[in-house]
Amino acid sequence: MEESNKPDQAEEQKTPQKISTRPSVALIIGSEGIKSFCALPFIEYLQEQKVKIDLVIGVSGGALLAGFLGAGYNLRQIQEVFSKTVDPRFFTDIDYNSVLDIASTGMGKFTAESGILKTDCIRRTYETLFKKTDISDLSPKTLITTTDLSTGKPVILEKGNLAQSIYASSAIYPLMPPGNVDGKKLIDGAFSSPVPIMECVKRQIDIIIAIYFDDACNPEPESFMESYFNSSRIFKRSILTSQLPLAIDMHHHEIIPVYIKYPRPIELWEINKLSEIVHAGKVAFTNKKPHFQEAVIEFKKKMEIQKDKLKKQEAERKLQEARKTENEKRQDEAVEQMKRGATKENTESAPPEKKRTIKIIKNRKERKGSGS
């Protein structure tokens, strides 16, 4: 195998490295439920400025928004479709079979496939919106982040049924049953990686815009659901603050974390607060816009320096090749001259060849007879 690869490797060394004249851009959309819509002002700006997004990663509620973008919905359509299809009652349909088992009544049964809520309506809604669309068909390239229920590790989905993947990424277990993708039980991606910046770092993305909406805990929860989401906020906030510094240290260029701290709690089912969330995103965008512009300008400067460096390297490589070719030509000429000299010398030193002369002499004897 190694021998067969050598010509290819040699060819790769001769091929000049291609440098992009623009930075690669990734957009990470985190946050639960409708809170991910805080990313809309940033997406709008990028589209207006014709900044190409090379990668979108959706986590939890952000998976739905990432799916909309990749499937070709524009921003107006996204808000219209979301308002018409997502019903607050999705989050009040209790699965009493599960609850009875939790209460140890001797009735009902809670399994690894169970949740406190019934999610049939949510799943059907996603299937209606995206039908049989595959993640790999989305443009720009889209990844959906989930968490493996059995290991607690993040699972990044690059292909597979989009509707099922969006549900799995936002399945807040045990409130909601896990999703089942390729035989794995997958739950909310924010349980393992609320803002998966490291996935962008591994893919050598230059500018990473990571958006996360962090609303305040409810100081006086009035229900189990409100208490549960308080705990969820604290848990995910802890993971985020521990992962973010490491990712920033390892990245080679620019990370723009957009951490939106909202002073009031917004629960999963409060669809009517969508405008508040979008407004909070606009305020955050106004604060981060200069930072993003500076990052693009700085990157382009570095690209120009790198392009000049590569041009010099390419010119030096061509000069070395020309010298090598000239040397090889001279060597070939010297060898040829030596061959011609050796042939001439051999010819002159060889003794002259003796010519053989063959003479044929005929002797005819006349016989004389005696007469009487």
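Residues numbered from 1 in each chain as written. Predicted model: local features only at pLDDT ≥ 70, side-chain atom pairs only at ≥ 80, totals over all residues. Heavy atoms only, no water.

Enquirer: When you look at a nonpolar patch on the surface in this model, what are you seeing that I'm missing?
Expert: There is a patch of nonpolar side chains on the surface, built from Tyr96, Leu100 and Met107 and spanning about 320 Å² of accessible area. Its place among the elements puts Met107 in the loop between helix H5 (96-102) and helix H6 (120-130). (Patch = residues over 30% accessible without salt bridge, like charges linked within 9 Å, V, L, I, M, F, W, Y side chains within 5 Å. Areas by Shrake-Rupley, 256 points an atom, 1.4 Å probe, with all protein chains shown as cover. Salt bridge = Lys/Arg side-chain N within 4 Å of Asp/Glu carboxyl O. Helix = DSSP H or I, 4+ residues; strand = E, 2+ residues; numbered from the N terminus.)

Enquirer: Looking at this structure, how should I read the pairing of strand S3 (residues 141-148)?
Expert: Regular strands place their side chains on alternate faces of the sheet. Counting buried positions over the eight residues of S3 gives seven, a clear majority of the element. As paired strands, S3 and strand S4 (residues 154-157) are joined by four bridges and run antiparallel to one another. If you follow Ile144 over to S4, its bridge partner there is Leu157. Hairpin connection, S3 to S4: the antiparallel pair is bridged by five residues, and Gly152 has positive phi, about 80 degrees. The pairing of S3 with strand S6 (residues 184-188) spans three bridges and is antiparallel. The residue bridging Asp148 from the neighbouring strand is Leu186, located in S6. (Buried < 20%, exposed > 50% of the residue type's maximum accessible area, 1.4 Å probe, protein only. Pairing = 2+ DSSP bridges.)

Enquirer: How should the pattern of salt bridges be read in this particular structure?
Expert: Oppositely charged side chains are able to pair whenever their charged atoms sit close together. Counted by the stated rule, this structure contains 21 salt bridges. With a closest N to O distance of 3.3 Å, Lys185 and Glu113 form a salt bridge. With Lys185 in strand S6 and Glu113 in the loop between H5 and H6, this pair connects stretches of sequence that are 72 residues apart. Lys185 gets classed as partly exposed once you look at its relative accessible area, which sits at 28%. Judged by its relative accessible area of 42%, Glu113 falls in the partly exposed class. As a salt-bridge pair, Lys273 and Glu270 come within 3.5 Å of each other at their nearest N and O atoms. The burial state of Lys273 is the same as that of Glu270; both residues are buried. Residues participating in the shared-partner salt-bridge network are Glu32, Lys35, Asp188, Asp215, Arg233, Lys236 and Glu267.

Enquirer: Looking at this structure, I do not really get the environment of Tyr212. What am I missing?
Expert: Considering the arrangement of structural elements, one finds Tyr212 in strand S7 (residues 207-215). On the accessibility criterion, Tyr212 (8% relative accessible area) is buried. Sequence-wise, Tyr212 and Ser36 are 176 residues apart; in three dimensions their C-alpha atoms are separated by 7.3 Å.

Enquirer: Explain the nonpolar core here, please?
Expert: In summary, soluble globular proteins display a tendency toward joint burial of nonpolar side chains. In this structure, Ile209 and Ile211 are the most contacted members of the largest nonpolar core, which totals 75 residues. It is helix H10 (residues 274-349) that contributes the most residues to this core, nine residues altogether. Aside from chain neighbours lying at most four places away, what touches Ile209 is Val25, Ala26, Leu27, Ile28, Leu46, Ile256, Val258 and Phe292. With 18 residues, the next largest nonpolar core counts Ile28, Ile197, Cys200 and Leu240 among its residues. (Core = buried A, V, L, I, M, F, W, Y, C linked by side-chain atoms within 4.5 Å. Contact = heavy atoms within 4.5 Å.)

Enquirer: Would you mind going over the packing of helix H3 (residues 61-70) against helix H4 (residues 75-85) with me for this structure?
Expert: The geometry of a pair of packed helices is captured by two quantities: the angle between their axes and the separation between those axes. At their nearest, the axes of H3 and H4 sit 10 Å apart, and the two run at 130 degrees to each other. As summarised for this structure, H3 and H4 are arranged oblique, according to the angle between their axes. Along this stretch, H3 crosses H4, giving a crossing that reads as right-handed. Of the residues in H4, those in contact with Leu64, Leu65, Phe68 and Leu69 of H3 are Leu75, Ile78, Val81 and Phe82. Class assignment of the residues belonging to the contact of H3 with H4 gives a composition of eight nonpolar, no polar and no charged. (Axes fitted to C-alpha atoms, helices over the stretch in contact; angles between N-to-C directions. Parallel < 35°, antiparallel > 145°, perpendicular 65-115°, else oblique. Left-handed = near helix turned anticlockwise from the far one by under 90°. Nonpolar A, V, L, I, M, F, W, Y, C, P; charged D, E, K, R; others polar.)

Enquirer: What's the story with H6 in this structure? I'm lost.
Expert: Taken together, the buried positions of H6 are Ile122, Thr125, Tyr126, Leu129 and Phe130. Projected down its long axis, H6 carries its buried residues within an arc of 110 degrees, all on one side. Where H6 is buried, its residues meet H3, H4 and helix H7 (162-169). Once H6 finishes, Lys131 follows within two positions and takes phi at roughly 50 degrees, a positive value. (Arc of directions from axis to C-beta.)

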